[in-house]
Amino acid sequence: MLRRLLVTIIRRSLFILLLICLGCVAQSAPPDVARKIERQVRSFYTIPGDVNVTVGAITPSNDWPGYDAVSVNIDGGDGKKKDYKFLISKDRSTMVRLTKFDLNKDPFAELMSKIDVAGRPMRGNKSAKVVVVNFDDFECPFCSKMHETLFPTIFKEYGDRVLFIYKDYPLSEIHPWAIHAAVNANCLAAQNADAYWDFADYIHANKREVDIEKTLPARFDTIDKMALLQGQKHNLDAGKLQSCIKEQNEDAVRASMKLGDDIGVNATPAMFINGDKIDGAVPINELRAALDHALKDAGQPVPEHLPSAPVPASK
């Protein structure tokens, strides 16, 4: 009986000690402190009133003496929540945001490792030390401009020094036929990589043939015809291709879009050159500079660039 009583007392003591320790580790921010933090965050980041800002628990900071840590969650209601980490002084009068860098890690290499390119059609040297991953939208005019710069100009200049890979990121909210085109492109890629690239070349150069159609179903039909013509050109299995086009399975495209969201893509084109991100259809000289930098960083020779042809003077 005495033994059972001692065991019960010990268990209760351990439970109380655990609660005390947890209280030392994390404390809810007092309402007045939480309000100050929220107002500072809203003001500094220009966050509108319809976006929820939630101040999390305050925890000890092991890295910064004199400061505790606090997280702030920002939720715009679109499913994209973000947590920001701050340091708050012990007297709760100062808050700072610092970024800690781990110099033992390569951020570019880590980012590239997150981009799944398994099964994607490739253009260029598969053993190249510089890999370009471009998140593309077939209906995007800026993507067409970038594609025209890459192929054939940049592709010819850099030869076997660079490998090019496209990922899908159709902006479906403003480009209603982009997902359909991406699905068709992937149907071609499933049988032949060259058929995929020929389709990409054609639709980026001739997207007006799609846009000229007045209804969305008519645009879909035009895209289907483009894909089927590439299938005939490359002697693909017609029945298999037609079945894939008819099914319009968007799973792979949606997965690519989700991946893009996860690594910070929010517009197209978005290009990663060995992890170095380039947004938009940048001028060709800026693109060359980024590729040259990646080549030098990888210990590879840089191609000689011929001067651009002068623009003819207007009469």
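Everything in this summary refers to the structure shown in the same document. Keep in mind that this is a model prediction, so the values were computed, not measured.

### Regarding helix H2 (residues 31-45)
So, step 1. Here H2 spans 21 Å end to end across 15 residues, near enough to the 21 Å set by a 1.5 Å rise per residue.
So, step 2. For H2, the full list of buried residues reads Val33, Ala34, Ile37, Val41 and Arg42. The buried residues of H2 occupy an angular sector of 160° when projected down its axis, which confines them to one face. Counted as exposed and oriented over 90 degrees from the buried face of H2: Pro31, Arg35, Lys36, Arg39, Gln40 and Ser43.
So, step 3. For H2, the secondary structure elements touched by its buried residues are strand E1 (52-60), strand E2 (67-75), strand E3 (81-89) and strand E4 (95-96).

### As for the nonpolar core
Soluble globular proteins: nonpolar side chains tend toward being buried together.
So, step 1. Residues Phe135, Phe138, Leu150, Phe199, Ile273, Leu287 and Leu291 are the most contacted members of the largest nonpolar core, which totals 58 residues.
So, step 2. Sort the elements by how many residues they give to this core and helix H5 (residues 178-189) lands first, with eight residues.
So, step 3. Leu291 has contacts with Val130, Val132, Ile154, Tyr158, Val162 and Ile273, leaving out every residue within four places of it along the chain.
So, step 4. The next biggest cluster of nonpolar side chains, apart from the first, holds 16 residues, and it includes Ala29, Ala34, Val51 and Tyr84.

### Quick notes on the sheet that holds strand E6 (residues 130-136)
So, step 1. The strand order across the open sheet formed by five strands is E5-E7-E6-E8-E9, and the pairing between neighbours is mixed. The outermost strands of the open sheet, each flanked by one partner alone, are strand E5 (122-124) and strand E9 (276-279). Strand-to-strand twist of the sheet, defined as the mean angle between neighbouring strand axes without regard to direction, takes the value 20°.
So, step 2. Where E6 meets strand E7 (residues 162-168), seven bridges bridge the pair, whose relative direction is parallel. Residue pairing across strands places Val132 opposite Phe164, the latter belonging to E7.
So, step 3. In the packing of helix H6 (residues 193-205) onto the sheet, contacts are made with E5, E6 and E7, and the angle to E5 comes to roughly 85°.

### Comments concerning the sheet that holds E4
So, step 1. Spatially, four strands are ordered E1-E2-E3-E4 in an open sheet, and the strand pairing comes out antiparallel. Looking at strand neighbours, the two that pair on one side only are E1 and E4, the edges of this open sheet.
So, step 2. Strand direction decides the pairing type here: E3 and E4, joined by two bridges, are antiparallel. Paired with Ile88 across the strands is Met95, a residue of E4.
So, step 3. H2 rests against E1, E2, E3 and E4 of the sheet, and its axis sits at about 125° to E1.

### Overview of unusual backbone geometry
So, step 1. Here the amide bond leading from Phe151 into Pro152 is cis, since omega sits at 15°, within 30 degrees of zero.
So, step 2. Geometrically, the link from Thr268 to Pro269 is a cis peptide bond, its omega value of -5° lying close to zero.
So, step 3. Tracing the chain through its elements places Pro269 in the loop between helix H10 (251-262) and strand E8 (270-273).
So, step 4. A positive phi angle, close to 55°, is found at Asn235, a residue other than glycine.
So, step 5. Looking at the element boundaries, Asn235 is found in the loop between helix H8 (216-233) and helix H9 (238-247).
So, step 6. What makes Asn235 exposed here is its relative accessible area of 70%.
So, step 7. Even without a glycine there, the phi angle at Asn274 is positive, about 50°.

### Topic: the packing of H6 against H8
So, step 1. One way to put it is that H6 packs onto H8 with a least axis distance of 10 Å and a crossing angle of 140°. When the interaxial angle is binned, H6 and H8 end up oblique. Two packed elements cross with a definite hand, and for H6 against H8 that hand is right-handed. Residues Ala195, Asp198, Phe199, Tyr202 and Ile203 of H6 form the contact with H8, whose participating residues are Ile223, Met226, Ala227, Gln230 and Lys233.
So, step 2. Looking at the contact of H6 with H8 residue by residue, the classes come out as seven nonpolar, one polar and two charged.

Cut-offs and rules
Residues numbered from 1 in each chain as written. Predicted model: local features only at pLDDT ≥ 70, side-chain atom pairs only at ≥ 80, totals over all residues. Heavy atoms only, no water. Helix = DSSP H or I, 4+ residues; strand = E, 2+ residues; numbered from the N terminus. Expected span 1.5 Å × (residues − 1). Buried < 20%, exposed > 50% of the residue type's maximum accessible area, 1.4 Å probe, protein only. Arc of directions from axis to C-beta. Contact = heavy atoms within 4.5 Å. Core = buried A, V, L, I, M, F, W, Y, C linked by side-chain atoms within 4.5 Å. Pairing = 2+ DSSP bridges. Axes fitted to C-alpha atoms, helices over the stretch in contact; angles between N-to-C directions. Parallel < 35°, antiparallel > 145°, perpendicular 65-115°, else oblique. Left-handed = near helix turned anticlockwise from the far one by under 90°. Nonpolar A, V, L, I, M, F, W, Y, C, P; charged D, E, K, R; others polar.

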